[in-house]
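Architecture and fold: a report
Residue strings, one per chain:
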Amino acid sequence: MASEDVKLIGAVMSPFVMRPRVSLNLKGVEYEFLEETFGSKSELLLKSNPVYKKIPVLIHSGKPICESLIIVQYIDETWSGHSILPSDAYDRAIARFWAHYIDDKWFPALGGIARAQTEEAKNEAIEQVFTGLKLLEEAFEKCSGGKPFFGGETIGYVDIALGCYLGWLRATEKLIGITFLDETKTPLLCHWAEKFSSHEAVASVMPETDKLVEFAKMIQAKFKAPANK
Amino acid sequence: MGEEVKLFGSYASPFSSRVELALKLKGVSFENIKEDLANKSALLVQYNPVHKKIPVLLHGGRPVIESLIILEYIDETWDGNHAILPKDPFERALACFWVKFIDDKVLRALWMSCRSEGEMQKNFMEQSKEYLELLENELKGNKFFGGDAIGIVDISANFIALWAIVLQEVAGISLINEEKYPILCNWIEEFLSSEVVKESLPEKEKLFAYFHAKKEVIFANKAPAY
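Parameters and conventions
- Residues numbered from 1 in each chain as written.
- Chains lettered and ligands numbered in written order.
- Predicted model: local features only at pLDDT ≥ 70, side-chain atom pairs only at ≥ 80, totals over all residues.
- Heavy atoms only, no water.
- Core = buried A, V, L, I, M, F, W, Y, C linked by side-chain atoms within 4.5 Å.
- Buried < 20%, exposed > 50% of the residue type's maximum accessible area, 1.4 Å probe, protein only.
- Helix = DSSP H or I, 4+ residues; strand = E, 2+ residues; numbered from the N terminus.
- Contact = heavy atoms within 4.5 Å.
- Pairing = 2+ DSSP bridges.
- Axes fitted to C-alpha atoms, helices over the stretch in contact; angles between N-to-C directions.
- Parallel < 35°, antiparallel > 145°, perpendicular 65-115°, else oblique.
- Left-handed = near helix turned anticlockwise from the far one by under 90°.
- Nonpolar A, V, L, I, M, F, W, Y, C, P; charged D, E, K, R; others polar.
- pLDDT = per-residue confidence, 0-100.
- Expected span 1.5 Å × (residues − 1).
- Arc of directions from axis to C-beta.

1. Let's talk about the nonpolar core
Within soluble globular proteins, side chains that are nonpolar generally end up buried alongside one another. Grouped together as the largest cluster of nonpolar side chains are 150 residues, with contacts concentrated most on A:Trp106, A:Trp192, B:Ile160 and B:Trp187. The greatest single-element share of this core, amounting to 16 residues, is contributed by helix α4 (residues 89-115) of chain B. Ignoring any residue separated from it by four or fewer positions in sequence, one finds B:Ile160 in contact with B:Val106, B:Leu110, B:Leu135, B:Ile165, B:Ile176, B:Leu184, B:Trp187 and B:Ile188. Core analysis: the next-biggest nonpolar cluster, separate from the first, contains six residues, B:Phe8, B:Tyr47, B:Ile54 and B:Leu58 among them.

2. Thoughts on the sheet that holds strand β1 (residues 6-10) of chain A
Residue and element names in this part refer to chain A. Spatially, β2-β1-β3-β4 is the arrangement adopted by the four strands of the open sheet, whose pairing is mixed. Edge positions in the sheet fall to β2 (32-35) and β4 (63-66), since each of these pairs with one other strand and no more. On average, adjacent strands in this sheet sit at an angle of 20° to one another, irrespective of strand direction. In the packing of helix α1 (residues 15-27) onto the sheet, the strands contacted are β1, β2 and β3 (57-60), and the crossing angle to β1 comes to about 155°.

3. Overview of the sheet that holds strand β2 (residues 31-34) of chain B
All names here are of chain B. What the four strands build is an open sheet, ordered β2-β1-β3-β4; its pairing is mixed. Where the open sheet ends on each side, the last strands, each with one partner, are β2 and β4 (62-65). Averaged over all pairs of adjacent strands, the angle between strand axes in this sheet comes to 20°, irrespective of strand direction. Of the strand pairs in this sheet, strand β3 (residues 56-59) and β4 are connected by four bridges, and their pairing is antiparallel. Looking at the pairing, Leu57 lines up with Val64 of β4.

4. Thoughts on the packing of helix α4 (residues 89-115) of chain A against helix α7 (residues 166-176) of chain A
All names here are of chain A. Interaxial distance between α4 and α7 falls to 11 Å at its minimum, and their mutual angle equals 30°. It follows that α4 is roughly parallel to α7 by the angle criterion. For the crossing formed where α4 meets α7, the hand is left-handed. Between α4, through Trp106, Phe107, Leu110 and Ile113, and α7, the contact on the second element is made entirely by Trp168, Leu169, Thr172 and Ile176. Residues of the contact of α4 with α7, tallied by class, amount to seven nonpolar, one polar and no charged.

5. Some thoughts on the confidence of the model for chain B
Per-residue pLDDT for chain B averages 92, and the proportion of residues at 70 or more is 95%. Element-level pLDDT for chain B is lowest in helix α12 (residues 215-220) of chain B, with a mean of 70, against a maximum mean of 98 in helix α6 (residues 152-156) of chain B.

6. Thoughts on helix α10 (residues 209-223) of chain A
Residues and elements named next belong to chain A. Along its 15 residues, α10 runs 21 Å from first to last C-alpha, staying within 8% of the 21 Å computed at 1.5 Å per residue. Buried within α10 we find Thr209, Leu212, Val213, Phe215 and Ala216. Viewed along the axis of α10, the buried residues span an arc of 165°, placing them on a single side of the element. Exposed and facing more than 90 degrees away from the buried side of α10 are Glu214, Lys217 and Ala221. Buried residues belonging to α10 abut α7.

Structure below.
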């Protein structure tokens, strides 16, 4: 496809924004990155995503596409080259299932650690993250078939879905002093995490863990303001 | 595709009803297995070990899980007739957006409006009104969300056409009404008048009796019990 008007509204720290960025990189598509300032929403964002007012939003030749995984699918269908979703319908269903599980159950558990009001709730969330990682380790074994990624030889849909949370996973490890990606528990995922993070389509858009830790501390301080509720 | 197709669902579930509708629109013959959710079969647990939920579509012995994922699978596998999703990538992305919106936001707001009280109910009802307005506008005066024919957004909105109507009656509130949402109510009429849709939905009276009888129990629980 000839170079077209491709813009992405997002923020560097957002794992959701990272997904279309990795996808566009994999396809070799150039795009203009319109970075939002934390704490405010631009006119363009409000206009392009009136329902949710959230990033990321891909604007392709003036047409907005919202929701990170929907954008990833759109990118896969619009530009040729590196295939992100599998070609077989059943394999696609499996990939979508795991991506949905990651977004619907696993990542909220990770986020639940910071949101926990009690020690008990925090420990429960931690347990859920570990249980999820065990499941994903098994899923990886089945999906990869001995190859480096969930998508096989190359980065695929589930790699992008899970991989874009690695920054925040590592940041959480630092914040609470627990190792989630443990060689003794989930060796395949550990190895996969290294490969994913160092891939040329990923490395330049993966936020640094230390910056995420700083960012997380800043948000926590903001929302733990006294007598807020 | 000559392989065997089975659907594990339940009578009152809008999610398994979606899959039934999609299969019937495509003219796919399948075995319709109704699960007793209080007593899940060993087969169901085997095919959906992660969530142990219906619906599960079994095609040639391989399970596909999650109603929306199943709808996409059905569309991609039996692609000869009645397209459920648009072919154009941008239109597809829009359809997927609305489907996700319905599942993530609308269903919950409507359900919770019908099962909560006081301030909580007021908040959910406000939310519901906002969402219904968005859907009303999205129809753009078309017969269906999919345009002239039933598509994935229409199928996903099945809850609104039947379950939400029944639940609001049971709860004694009026969220979805012709006065406020004439286009949406017209959509409900069109949707329910389709023969294929009628075949894949539970009977309204039976559904009403079901929710009315379980009012105390269901409304006390956190999650919908289909």
